[in-house]
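# What the coordinates show
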Amino acid sequence: MDFNVKKLASDAGVFFTRAVQFTEEKLGQAEKTELDAHLENLIARADCTKNWTEKIFRQTEILLQPNPSARIEEFFYEKLDKKIPMRTTNGELLGQYMLDAAKDFGPGTPYGSTLITVGEYQKKLGGAERDFLQTSAINFLTPLRNFLEGDWRTISKERRLLENRRLDLDVCKARLKKAKLAEAKAAAAPDFQETRPRNYVLSASASALWSEEVDKAEHELRVAQTEFDRQAEVTRLLLEGISSTHVNHLRCLHEFVEAQATYYAQCHKHMQELQKELRRIPNAFTGSPSTSGVLAGPSGLSNSSLPGASPPARPPVSSGHSGLEASTLKIEEVQPPATGTRKAKVLYDYDAADTSELSLLADELITVYTVPGMDPDWLVGERGNQKGKVPVTYLELLS
């Protein structure tokens, strides 16, 4: 390898003079050329854009891929310029597990058939998630990454070059100032003592030398000023391009939101279809009070509480209790027990079939309780001065 010793020494000298100038500026011992206000504002705006773009980019990566190990793996694939392998989503994996479990439990059993139905829809949800991740990575993450790894690196490089040109300019200014001071001192009246001829000759020679040094310093200053102005203009043009970056990122943000809306709409559609499918499958636990969502308290869930579910059928009156209720139970004479009353939220509208029942409006709160001899599918409900039987399946017990 050939080394240009002169260039190496020259570069080392330039680096040293810049370091001295920078240190003296920090210590307040040297003057510093300030950038114009417009350029300073552009630099501040660019720094703000870079900082927030980096934060948004990192957090979006976490949102789309919460697993840090997977993010590191994808990072290495990108740096090696290799295609990222297709990764199974959690929804697809869960759906496959459900389908495999249904084979062991028996597809003909209620549990097995339900697992098959839910598993298929979980795989659909996983597929929708994969489409969302791919779309967001292409339309949102990639433009942000291109700015941080492309445009911003170019801007940073030109800004560093501008700072070097400014240091060179200030070094030339300081050098010219020192040369002019020395020239003025050399041009001062010589000392006419007993060695007058010798002093005069030395003074005239020194004055001529410093005059040449001043001319050289002025020339270097003009060159440095020209290079500084040229670099400032290049940097300004790049920084003004940040406005175009904002426009591009705004478009990408709209596409990201559109991808999110599409993904959540697909998920909502799949879940509504899944609910319809589940309502067609006979549930083995429907008649068990211990597992009923209504009797399980405020934390219980049932098909009747799912969004979009239709009101349950009117509960039949048990033949074993009809005679007892007709002969002994009169609603107007029923008194609430000292303990055992509860608040209940009405899930659906209900029209009373006769005067012994209480009509209900969805979402209203009523007080309910039971009395000996009542059918377990019914409770006594009170709303103000109104009282009557209400079906349990239309209620969500709160307390």
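These remarks concern the structure in this document. Keep in mind the model is a prediction, meaning the values are calculated, not measured. (Residues numbered from 1 in each chain as written. Predicted model: local features only at pLDDT ≥ 70, side-chain atom pairs only at ≥ 80, totals over all residues. Heavy atoms only, no water.)

### Comments concerning the sheet that holds strand 3 (residues 378–383)
Read across the sheet, five strands follow the order 4-3-2-1-5 without closing on themselves; strand pairing throughout is antiparallel. Edge positions in the open sheet fall to strand 4 (386–391) and strand 5 (395–397), since each of these has one partner strand only. The average angle at which neighbouring strand axes cross in this sheet is 40°, direction not considered. By the bridge criterion, six bridges tie strand 3 to strand 4 in an arrangement that is antiparallel. Its bridge partner lying in strand 4, tryptophan 378 is registered against proline 391. (Pairing = 2+ DSSP bridges. Helix = DSSP H or I, 4+ residues; strand = E, 2+ residues; numbered from the N terminus. Axes fitted to C-alpha atoms, helices over the stretch in contact; angles between N-to-C directions.)

### Comments concerning the pairing of strand 1 (residues 342–346)
Pairing between strand 1 and strand 2 (residues 365–369): four bridges, direction antiparallel. If you follow lysine 343 over to strand 2, its bridge partner there is threonine 367. Pairing between strand 1 and strand 5: three bridges, direction antiparallel. Of the residues in strand 5, the one forming a bridge with lysine 345 is glutamate 396.

### A look at helix 4 (residues 90–105)
The terminal C-alpha atoms of helix 4, which comprises 16 residues, lie 22 Å apart, in line with the 22 Å expected from a rise of 1.5 Å per residue. Those residues of helix 4 that sit buried are Gly91, Glu92, Gly95, Met98, Leu99 and Ala102. Seen end-on, helix 4 carries its buried residues on one side only, within an arc spanning 120°. Helix 4 presents Asn90, Tyr97 and Asp104 as exposed residues on the side facing more than 90 degrees away from its buried surface. In the core, the buried residues of helix 4 are packed alongside helix 5 (110–186). Of the residues trailing helix 4, glycine 106 is marked for its positive phi of about 105°. (Expected span 1.5 Å × (residues − 1). Buried < 20%, exposed > 50% of the residue type's maximum accessible area, 1.4 Å probe, protein only. Arc of directions from axis to C-beta. Contact = heavy atoms within 4.5 Å.)

### Thoughts on the pattern of salt bridges
In the structure shown here, the tally under the stated rule is 15 salt bridges. Close ionic contact of arginine 165 with aspartate 168 constitutes a salt bridge, the shortest N to O distance being 3.9 Å. Separated by three residues within a single helix, arginine 165 and aspartate 168 lie in helix 5, roughly one turn from each other. Residue classification places aspartate 168 among the buried positions, given a relative accessible area of 18%. Note that glutamate 364 and arginine 383 form a salt bridge whose closest N and O atoms lie 2.8 Å from each other. With glutamate 364 in the loop between strand 1 and strand 2 and arginine 383 in strand 3, this residue pair connects regions lying 19 residues apart in the sequence. The exposure class of arginine 383 is partly exposed, given its relative accessible area of 26%. When salt bridges with common partners are traced through the structure, they connect Arg58, Glu61 and Arg145 into a single cluster. (Salt bridge = Lys/Arg side-chain N within 4 Å of Asp/Glu carboxyl O.)

### Quick notes on the nonpolar core
Leu39, Phe132 and Leu239 are the most contacted members of the largest nonpolar core, which has 34 residues in total. Every element with two or more residues in this core is listed here: helix 2 (37–64), helix 5, helix 6 (196–240) and helix 7 (242–280). Broken down by element, the residue count for this core peaks at 15 residues, all from helix 5. Beyond its immediate stretch of four places on either side in the chain, phenylalanine 132 contacts Leu64, Phe256, Ala259, Gln260 and Tyr263. Counting residues in each nonpolar core, the second largest holds 21 residues, with Ala344, Val346, Trp378 and Val380 among its members. (Core = buried A, V, L, I, M, F, W, Y, C linked by side-chain atoms within 4.5 Å.)

### Some details on the packing of helix 4 against helix 5
Put simply, helix 4 and helix 5 touch, their axes get as near as 7 Å, and they point 165° apart. In this view, helix 4 runs roughly antiparallel relative to helix 5, as classed from their interaxial angle. The element helix 4 and its partner helix 5 pack so that their crossing is left-handed. Taken together, the residues of the contact of helix 4 with helix 5 break down into 10 nonpolar, eight polar and five charged. (Parallel < 35°, antiparallel > 145°, perpendicular 65-115°, else oblique. Left-handed = near helix turned anticlockwise from the far one by under 90°. Nonpolar A, V, L, I, M, F, W, Y, C, P; charged D, E, K, R; others polar.)

### Considering a nonpolar patch on the surface
Together, Leu250, Leu253 and Val257 give the surface a local cluster of nonpolar side chains, amounting to about 260 Å² of exposed area. With respect to the helices, strands and loops of the structure, leucine 253 is situated in helix 7. Overall, the relative accessible area of 40% leaves leucine 253 in the partly exposed class. (Patch = residues over 30% accessible without salt bridge, like charges linked within 9 Å, V, L, I, M, F, W, Y side chains within 5 Å. Areas by Shrake-Rupley, 256 points an atom, 1.4 Å probe, with all protein chains shown as cover.)

### Focus: the packing of helix 5 against helix 7
It is at 9 Å that the axes of helix 5 and helix 7 come closest, and there the two elements cross at 175°. On the basis of the axis angle, helix 5 is roughly antiparallel to helix 7. Looking at the contact of helix 5 with helix 7, its residues break down into 20 nonpolar, 11 polar and five charged.

### Topic: the packing of aromatic side chains
Overall, the coordinates contain eight aromatic pairs when judged by the stated rule. Where tyrosine 263 meets tyrosine 264, the ring centres are 5.2 Å apart and the plane angle is 45°; that geometry is what we call tilted. On the basis of an interplanar angle of 85° and a centroid distance of 5.8 Å, the ring pair of tyrosine 348 and tyrosine 394 is categorised as edge-to-face. With tyrosine 348 in the loop between strand 1 and strand 2 and tyrosine 394 in the loop between strand 4 and strand 5, the pair connects residues that are 46 residues apart, well separated along the chain. No difference in accessibility class separates tyrosine 348 from tyrosine 394, as the two residues are buried. Three or more aromatic residues joined by ring pairs make a cluster, and in this case those are Phe132, Phe140, Phe256, Tyr263 and Tyr264. Sitting above the plane of the tryptophan 52 ring, lysine 55 keeps its charged end 4.6 Å from the centroid. If you follow lysine 124 out to its NZ or CZ, it ends over the ring of tyrosine 121, 4.4 Å from the centre. (Phe/Tyr/Trp six-rings, centres within 6.5 Å; stacked < 30°, edge-to-face > 60°. Lys NZ or Arg CZ within 6 Å of the ring centre and 35° of its normal.)

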